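Remarks on the overall topology
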Amino acid sequence: MTGDSREFGVGGIGTRCRIDIDEDGRYAWRLTANNGRVIAHGATSHPDDRACRAAFEALCEQAALLTGSVQHAAESNGWVWRLRDRDGHLRAVSARAYERHSTCQAAYDRFRVLLVGLGTVESVPWGDVH
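Remember, predicted model here, so these are calculated numbers, not experimental data. (Residues numbered from 1 in each chain as written. Predicted model: local features only at pLDDT ≥ 70, side-chain atom pairs only at ≥ 80, totals over all residues. Heavy atoms only, no water.)

Quick word on the overall build of the protein
- Helices and strands together make up the secondary structure of the protein, namely two helices and seven strands.
- Counted from the first residue to the last, the protein has its helices and strands arranged as β-β-β-α-β-β-β-α-β.
- A burial count over the protein gives 38% of its 130 residues as buried.
- In the protein, once contacts between residues fewer than 6 apart in sequence are set aside, the share between residues at least 24 apart is 51%. (Helix = DSSP H or I, 4+ residues; strand = E, 2+ residues; numbered from the N terminus. Buried < 20%, exposed > 50% of the residue type's maximum accessible area, 1.4 Å probe, protein only. Contact = heavy atoms within 4.5 Å.)

As for helix α1 (residues 49-61)
- Helix length check: α1 (13 residues) gives 18 Å between terminal C-alpha atoms against 18 Å at 1.5 Å per residue, within 8%.
- If you check which residues of α1 are buried, you get Cys52, Ala55, Phe56, Leu59 and Cys60. Viewed along the axis of α1, the buried residues span an arc of 140°, placing them on a single side of the element. The exposed set on the far side of α1, more than 90 degrees from its buried face, consists of Arg50 and Glu61. (Expected span 1.5 Å × (residues − 1). Arc of directions from axis to C-beta.)

Considerations on the packing of aromatic side chains
- Throughout the structure, instances matching the rule amount to four aromatic pairs.
- A centroid spacing of 4.6 Å and a plane angle of 25° characterise the contact between Trp81 and Phe111, whose relative ring orientation is stacked. With Trp81 in strand β5 (residues 79-84) and Phe111 in helix α2 (residues 101-118), the pair connects residues that are 30 residues apart, well separated along the chain.
- A relative accessible area of 1% places Phe111 in the buried class.
- Among the aromatic residues, those joined into a ring-pair cluster are Trp29, Phe56 and Trp126.
- Over the ring of Trp126 we find Arg53; its NZ or CZ atom is 4.5 Å from the centre of that ring. (Phe/Tyr/Trp six-rings, centres within 6.5 Å; stacked < 30°, edge-to-face > 60°. Lys NZ or Arg CZ within 6 Å of the ring centre and 35° of its normal.)

What follows is the structure, encoded as structure tokens:
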């Protein structure tokens, strides 16, 4: 794996951050790859679009300060990754459970590189609100 965030579509076509509105009218982000597959979800929802976008942008800017881990998924036999801020609050989660620990770890490592890359681009590649 290289540290070059362009590998993951940062700053060009490809990776997009999309905002979803849940049934309670709250906003949450999800990061999608160029093939449309969801890479990660925000761990919390926000009262409006602006707050949601600001939370994702702050996540990107603070990527180096965040800690994470791969752990066994409580809801399945797979593995998931979780990303926390310095206060221990959950900030991002893997979009799915992985069958193997090593595959989950590799996905987590790629996400971290992507997050750092997104923190250095002029503007986050936003997708449409769904």
